[in-house]
Amino acid sequence: ASAGAEAEHIAEMLRSARLRDGLPWTQMAVLVRSGRLTIPTLSRALVAAGVPVEVAGDEIPLLAEQAVRPLLLALRVAARAGAVSPDEAHALLTSPLGGLDSMGVRRLGRILRQAERAELAGIGLPRPSSELVAAALRDPELLADAPPSQDQLAAGRLASQLRRCQELISDGGTAEEALWVLWDGSDWPERLRQEA
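Cut-offs applied
- Residues numbered from 1 in each chain as written.
- Predicted model: local features only at pLDDT ≥ 70, side-chain atom pairs only at ≥ 80, totals over all residues.
- Heavy atoms only, no water.
- Salt bridge = Lys/Arg side-chain N within 4 Å of Asp/Glu carboxyl O.
- Helix = DSSP H or I, 4+ residues; strand = E, 2+ residues; numbered from the N terminus.
- Buried < 20%, exposed > 50% of the residue type's maximum accessible area, 1.4 Å probe, protein only.
- Axes fitted to C-alpha atoms, helices over the stretch in contact; angles between N-to-C directions.
- Parallel < 35°, antiparallel > 145°, perpendicular 65-115°, else oblique.
- Left-handed = near helix turned anticlockwise from the far one by under 90°.
- Contact = heavy atoms within 4.5 Å.
- Nonpolar A, V, L, I, M, F, W, Y, C, P; charged D, E, K, R; others polar.
- Core = buried A, V, L, I, M, F, W, Y, C linked by side-chain atoms within 4.5 Å.

Overview of the pattern of salt bridges
For step 1, the next point in the chain: Within this structure, the stated rule accounts for five salt bridges.
For step 2, the next point in the chain: Among the salt bridges present, the one from D151 reaches R107, with a minimum N-O distance of 2.8 Å. Placement of the pair is D151 in helix α8 (residues 150–170) and R107 in helix α5 (residues 102–120), with a sequence separation of 44 residues.
For step 3, the next point in the chain: Ionic pairing is found between R193 and E190, a salt bridge with its closest N-O pair at 3.3 Å. One end of the pair is R193 and the other is E190, both in helix α10 (residues 188–195) and three residues apart, which spans about a single turn.
For step 4, the next point in the chain: On the accessibility criterion, E190 (37% relative accessible area) is partly exposed.

Let's talk about the packing of helix α3 (residues 69–79) against α8
For step 1, the next point in the chain: Direction vectors running N to C along α3 and α8 enclose 60°, while the axes themselves pass 8 Å from each other. Taken together, α3 and α8 sit at an angle that is classed as oblique. Two packed elements cross with a definite hand, and for α3 against α8 that hand is right-handed. For the pair α3 and α8, contact is made by A74, L75, V77, A78 and A79 and by L162, C165, Q166 and I169, respectively.
For step 2, the next point in the chain: Looking at the contact of α3 with α8 residue by residue, the classes come out as eight nonpolar, one polar and no charged.

A look at the nonpolar core
What tends to happen in soluble globular proteins is that the nonpolar side chains get buried as a cluster.
For step 1, the next point in the chain: Counting 32 residues, the largest nonpolar core has L93, L112, L137 and L162 as its most contacted members.
For step 2, the next point in the chain: For this core, the secondary-structure elements that each account for two or more residues are α3, α4 (86–93), α5, α6 (129–138), α8 and α9 (175–184).
For step 3, the next point in the chain: Core analysis: the next-biggest nonpolar cluster, separate from the first, contains nine residues, A7, L42, A45 and L46 among them.

And the structure:
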């Protein structure tokens, strides 16, 4: 009835062949018509059912790799001259590039809202927190007006990375160079080395 139901059925067939018929996992394979569309859903269902999964690296589309998504999103934002929506800002800040969690983004939004409320001095209402967070990634000067905090520093680092990437792109830099600026400018590589 659906791709998820199909994946669960395949997982059940494989488990049955292993448990009932004694067929070793190494003697089983699943062939798919469209790897880009099918492999991510199928892999998740098989792993959830306890079926060992081995996928040829060239069969997984780059966009489906969890580690690549924040880099590609940051590259898209930089290529659009820093135009970032509130949802994209939240995704970037809570990614390994930003290093914040959802609570950190909320704290940052509150800080920015308080700073804008003080700046308006009762003349108007401050913008919603999500819009202010997105604006701060476009214009890091908004962060300078806020009291220093870990959340503000993390957002400032990300905003600087996006700005450097944007400048590189506008100067004719390649996608590889822009991705390297994003990767190398964060503490993500070091955190991965420590975890490994």
